[in-house]
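Close look at the chain arrangement
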Amino acid sequence: MAGASHGPVLIVDDDVDMREALRLLIETRGHTVATAGNGAEALDALRGGMRPCLILLDLMMPVKDGFAFRAEQCRDETIAGIPVVVLSAHHDSKHDGSLVGVVAHFQKPLTDLQALLRIVQQHCKPPPTC
């Protein structure tokens, strides 16, 4: 697990059901999870000091979409290094310049949950237990 760090997995998605399903899936593997309903909420949390081990980012959201979120993340050196996984039904997103440097891209609907969980495991250590 080289490079893995503690901290929550941050799920950024406007779909409440998707956020909840991903939260439950990831928490059952021993990781903590934080959520945001759009890119603006996520940026507020990050600029407020949250340091997730990984961000799962939807692209198509109201208020601030994933493209705008990623562009701002990359411009802010305090949060630019947080790895991002894109989860989106947006077919051409792999070719968008604002998404350079994402660690993975999954098409919605998600069909390979095990691959997603392997990426979470690669980047995130479960919190220590007694």
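Refer to the structure printed above.
Residues numbered from 1 in each chain as written. Predicted model: local features only at pLDDT ≥ 70, side-chain atom pairs only at ≥ 80, totals over all residues. Heavy atoms only, no water.

1. A few points about the state of the cysteines
Considering all chains together, one arrives at 1 disulfide under this definition. Here C53 connects covalently by a disulfide to C124, the sulfurs 2.0 Å from one another. On the sign convention where negative means left-handed, the S-S torsion of about 95 degrees between C53 and C124 marks this disulfide as right-handed. Here the residue C53 occupies a position in the loop between α2 (39-47) and β3 (54-57), and C124 occupies one in the segment after α4 (113-123), the gap between them amounting to 71 residues. Summarising the burial analysis for this pair, C53 and C124 share the class buried. (Disulfide = S-S within 2.5 Å. Helix = DSSP H or I, 4+ residues; strand = E, 2+ residues; numbered from the N terminus. Buried < 20%, exposed > 50% of the residue type's maximum accessible area, 1.4 Å probe, protein only.)

2. Remarks on the packing of helix α1 (residues 16-27) against α4
Here α1 crosses α4 at 60 degrees, and the two axes come no closer than 11 Å. Between α1 and α4 the crossing geometry is right-handed. For the pair α1 and α4, the contacting residues are L22, L25 and I26 in the first and L113, L116, L117 and V120 in the second. (Axes fitted to C-alpha atoms, helices over the stretch in contact; angles between N-to-C directions. Left-handed = near helix turned anticlockwise from the far one by under 90°. Contact = heavy atoms within 4.5 Å.)

3. Quick word on the nonpolar core
With 20 residues, the main nonpolar core has V9, I26, L54, L56, V85 and F106 as its most contacted residues. Those elements that place two or more of their residues in this core are β1 (9-12), α1, β3, β4 (84-88), β5 (104-107) and α4. Looking at which element gives the most residues to this core, the answer is α4, with 5 residues. Ranked by size, the runner-up nonpolar core spans 18 residues in total, among them A34, A36, L46 and I82. (Core = buried A, V, L, I, M, F, W, Y, C linked by side-chain atoms within 4.5 Å.)

4. Comments concerning the packing of α2 against helix α3 (residues 66-75)
α3 packs onto α2 with a crossing angle of 25 degrees between their chain directions and a minimal axis gap of 9 Å. Relative to α3, the element α2 is oriented roughly parallel. Crossing of α2 against α3: the hand is right-handed. Residue-level contacts link G39, A42, L43, L46 and R47 of α2 to F69, E72 and Q73 of α3. A breakdown of the residues in the contact of α2 with α3 according to their chemical character gives 4 nonpolar, 2 polar and 2 charged. (Parallel < 35°, antiparallel > 145°, perpendicular 65-115°, else oblique. Nonpolar A, V, L, I, M, F, W, Y, C, P; charged D, E, K, R; others polar.)

5. Some thoughts on unusual backbone geometry
The amide bond that connects K108 to the next residue, P109, takes the cis arrangement and shows omega of 0 degrees. Despite not being glycine, V63 has its phi angle at roughly 70 degrees, a positive value. As for its position among the elements, V63 is in the loop between β3 and α3. For V63, a relative accessible area of 71% corresponds to the exposed category.

6. Digging into the side chain of Q73
Along the polypeptide, Q73 turns up in helix α3. A residue is classified by how much of its surface remains accessible, and Q73, at 0% relative accessible area, is buried. Separated by 3.1 Å, the side chain of Q73 and the backbone oxygen of I79 make a polar contact. Discounting chain neighbours no more than four positions away, the residues touching Q73 are L43, I55, I79, A80, I82 and V84. (Polar contact = N/O pair within 3.5 Å; in protein donor to acceptor, adjacent residues only side chain to side chain.)

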